[in-house]
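Spelled out, the chains give:
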Amino acid sequence: MQIVASGILGKAEPGTARANLTFPSVTVLADGSLLATLRAGDEKDSPKERIAFYRSVDNGLTWSTPSYPFEPPEVRGTGGTLKLCYITELAPERLLAAAMWVDRTSYPGKPLFNAETEGCLPMVILLANSEDNGASWSTWREVPMPAEIGPASLTSPVMRLADGRLAMSIETNKTYLDSSKWLQRAVFFHSADEGQSWTGPVMVAEDPSGRIFNWDLRCAVAPDGRVGSFAWTYDTATASYLNIHRRISADGGMSWSAPEDLGFADQAARPAVLPDGRVVLAWVDRFGSQSIRARLAANIDAPFAAESEVEVYAHARAQAASSDTGDMLASMDVWSFGLPSATALPDGDVLVVYYAGEPKALDVRWAKLRAPR
């Protein structure tokens, strides 16, 4: 693969409520345009954060100025913020927004992650619909979660499966003051009515011992209907990142293959699936080469060829890993590159978006990748 163009989607504005731009994602719409979402805030985690929309009509080469379609909603009478928002096109003009809402009232002034307990602030998954390509939106509705999920993290856009159902990838967390052992896992919820109701959780990835965490599950549906999931894998005993692990489902996420070590670390992007079934996976190599990289595979379960690898972004400074899980997670507010997401474009290229910059000024940047044709 090769990089054929690159640029900035959203420019940070230091000292403002747009100083830190993170959680970028791009959706291709039926009219050929692109809709990008990202989270803007004065800091990495902030009660001032909000969701920004950007649009492109030239396959990501240029982008509109940002718009802010959502006011910070209240959930169950409690004030909070939208941490991230993913868009899924259900049909031409019909969009589904899936957002992760963070309670900023119950523990005022506290950060999202409690380094002492490894718990999270209360989090809720919200959905809204648009019938006009995102120009206007319905009110938010909450996705009910069983108590066992805890504060729910949304890890990928809602996916349309081969049988027409929708699938949502959710990561479990502990409540903020819970000091018990964290038994983290990743699950799918399914909907047969366009997101109006959802089934109970189906297991995707877990270590019953609680030693191995499967974070930030990034998922994609292949043209043959198989679903691939890619886990950011962390060993709590050694406080180290393992290689990315892939799992494949042939039944819409109801059952999964054994985890496969892909041979490279550490945080996977949402993969881009090309019309011919080839898959482009970007990932963050934060503690090795200090870069964001990408490789190509022939299909959803094929090897990612080392000779296809490209460097999407190279960081200038080394980042030291902590030996303590809580400290390591709490220190994420000073990490200054990451969260890539890849999207297959109508012109046959792949757009990778990610955040990068300095801790007090994080842009969202893009790179167009071209696979051999």
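Residues numbered from 1 in each chain as written. Predicted model: local features only at pLDDT ≥ 70, side-chain atom pairs only at ≥ 80, totals over all residues. Heavy atoms only, no water.

**Examining the nonpolar core**
Logical step 1: Formed by 52 residues in total, the largest nonpolar core has its most connected members in Leu 9, Trp 63, Leu 154, Met 168 and Ile 170.
Logical step 2: Every residue in contact with Trp 63, bar those within four places of it in the chain, is listed here: Leu 9, Val 26, Leu 34, Ala 36, Tyr 54, Arg 55, Ser 56, Leu 351 and Trp 366.
Logical step 3: Ala 272, Val 280, Val 284 and Val 312 belong to the second largest nonpolar core, which has 22 residues in total. (Core = buried A, V, L, I, M, F, W, Y, C linked by side-chain atoms within 4.5 Å. Buried < 20%, exposed > 50% of the residue type's maximum accessible area, 1.4 Å probe, protein only. Contact = heavy atoms within 4.5 Å.)

**Observations concerning the packing of aromatic side chains**
Logical step 1: Considering all chains together, one arrives at 21 aromatic pairs under this definition.
Logical step 2: Here the aromatic residues Phe 113, Trp 182, Phe 213, Trp 215, Trp 232, Tyr 234, Tyr 241, Phe 287 and Trp 335 are joined through ring pairs into a cluster of three or more.
Logical step 3: Sitting over the ring of Tyr 68, Arg 50 keeps its end group 3.6 Å from the ring centre.
Logical step 4: Above the face of the Phe 337 ring, Arg 286 is positioned so that its terminal group lies 5.1 Å from the ring centre. (Phe/Tyr/Trp six-rings, centres within 6.5 Å; stacked < 30°, edge-to-face > 60°. Lys NZ or Arg CZ within 6 Å of the ring centre and 35° of its normal.)

**Overview of the side chain of Asp 216**
Logical step 1: Examined against the element boundaries, Asp 216 turns out to sit in strand 17 (residues 212-221).
Logical step 2: Residues contacting Asp 216, with those up to four places away along its chain left out, are Thr 155, Glu 171, Phe 230, Trp 232 and Gln 267. (Helix = DSSP H or I, 4+ residues; strand = E, 2+ residues; numbered from the N terminus.)

**Examining the sheet that holds strand 9 (residues 123-130)**
Logical step 1: Taken in spatial order, the five strands of this open sheet run 5-6-7-9-10, and their pairing is antiparallel. Edge strands, defined here as strands with exactly one partner in the open sheet, are strand 5 (74-75) and strand 10 (141-142).
Logical step 2: Of the strand pairs in this sheet, strand 9 and strand 10 are connected by two bridges, and their pairing is antiparallel. Following the sheet pairing, Leu 127 is matched in strand 10 by Arg 141. (Pairing = 2+ DSSP bridges.)

**Thoughts on the pattern of salt bridges**
Logical step 1: One pass over the structure, following the stated rule, counts 27 salt bridges.
Logical step 2: Here Asp 224 ties to Arg 226 by a salt bridge, and the two come within 2.9 Å at their closest N and O atoms.
Logical step 3: With a shortest N-O distance of 3.4 Å, Arg 365 and Asp 363 are connected by a salt bridge.
Logical step 4: Classification of Arg 365 as partly exposed rests on a relative accessible area of 22%.
Logical step 5: Judged by its relative accessible area of 5%, Asp 363 is buried.
Logical step 6: Shared partners join several salt bridges into a network, and the residues in it are Arg 39, Asp 45, Glu 49, Lys 83 and Arg 104. (Salt bridge = Lys/Arg side-chain N within 4 Å of Asp/Glu carboxyl O.)

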